[in-house]
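Chain residues, written in single-letter form:
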Amino acid sequence: QAQLAESGGGSEQAGGSLRLSCAASGRTFSVYAMGWFRQAPGKEREFVAAVTWSGGYTLYEDSVKGRFTISRDNAKNTVSLQMNSLKPEDTAVYYCAARRRISPVPQLRVQTGYEYWGQGTQVTVSS
């Protein structure tokens, strides 16, 4: 199994930046891709971004394109989410997830494809 631990959440004003990190440990050699999801109060958890572990292919949810950047460091077994130009609607608990199953890149937005999840980290953006 792989274990995931997020860090870097916090509070920021609109227009500011935050960087989230996710450290993977355990059976990381079997990971095909990692992703970030978020859940705002009273809403369903939604896809944010994903990256494949080997090829580095990325996928973003439309509302974060151009503002968020996902990256991975294979040597350190970490994936990061750089969030710029934050908006109040970005307020949510952000979850890191990992999947072993290989799929076409567009399928990386599907939550059920991920076997491992972190505990989540809170991001709060004030206006």
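Everything that follows concerns the structure shown earlier in this document.
Here is a short report on the structure shown in this document.

Rules of the game
Residues numbered from 1 in each chain as written. Predicted model: local features only at pLDDT ≥ 70, side-chain atom pairs only at ≥ 80, totals over all residues. Heavy atoms only, no water. Phe/Tyr/Trp six-rings, centres within 6.5 Å; stacked < 30°, edge-to-face > 60°. Helix = DSSP H or I, 4+ residues; strand = E, 2+ residues; numbered from the N terminus. Buried < 20%, exposed > 50% of the residue type's maximum accessible area, 1.4 Å probe, protein only. Lys NZ or Arg CZ within 6 Å of the ring centre and 35° of its normal. Core = buried A, V, L, I, M, F, W, Y, C linked by side-chain atoms within 4.5 Å. Contact = heavy atoms within 4.5 Å.

Further remarks concern the packing of aromatic side chains. Both the distance between ring centres and the angle between the ring planes are used here to describe each pair of aromatic rings. Taken as a whole and judged by the stated rule, the model has four aromatic pairs. Summarising the aromatic geometry, the rings of F37 and F47 are spaced 5.6 Å apart at their centres and angled 70° between planes, so their arrangement reads as edge-to-face. With F37 in strand 4 (residues 33-39) and F47 in strand 5 (residues 46-52), this residue pair connects regions lying 10 residues apart in the sequence. On the basis of relative accessibility, which here comes to 0%, the residue F37 falls in the buried class. Given the relative accessible area of 6%, F47 is considered buried. Centroid distance F37 to W117: 5.0 Å. Interplanar angle 55°. Geometry classified as tilted. Taken together, the residues F37 in strand 4 and W117 in strand 10 (residues 116-117) connect sequence positions 80 residues apart. By relative accessible area, which is 25% here, W117 ends up partly exposed. Among the aromatic residues, ring-to-ring pairing joins F37, F47, Y114 and W117 into one connected group. The ring centre of W117 lies 3.8 Å from the NZ or CZ of R45, which sits over that ring. Taking the ring centre of Y114 as reference, the NZ or CZ of R99 above it sits at 5.2 Å.

Another point: the nonpolar core. If you look at soluble globular proteins, the nonpolar side chains tend to sit buried side by side. By size, the foremost hydrophobic cluster in this structure holds 29 residues, and its most contacted members are M34, W36, V79, L81, M83 and Y94. Contributions of two or more residues to this core are made by strand 1 (2-7), strand 3 (18-26), strand 4, strand 5, strand 7 (68-73), strand 8 (78-83), strand 9 (92-99) and strand 11 (121-126). Each residue touching L81, except ones within four places of it in the same chain, is listed here: L18, R19, L20, W36, V48, A49, F68, T69, I70 and Y94. A33, F37, L59 and L108 belong to the second-largest nonpolar core, a separate cluster that totals nine residues.

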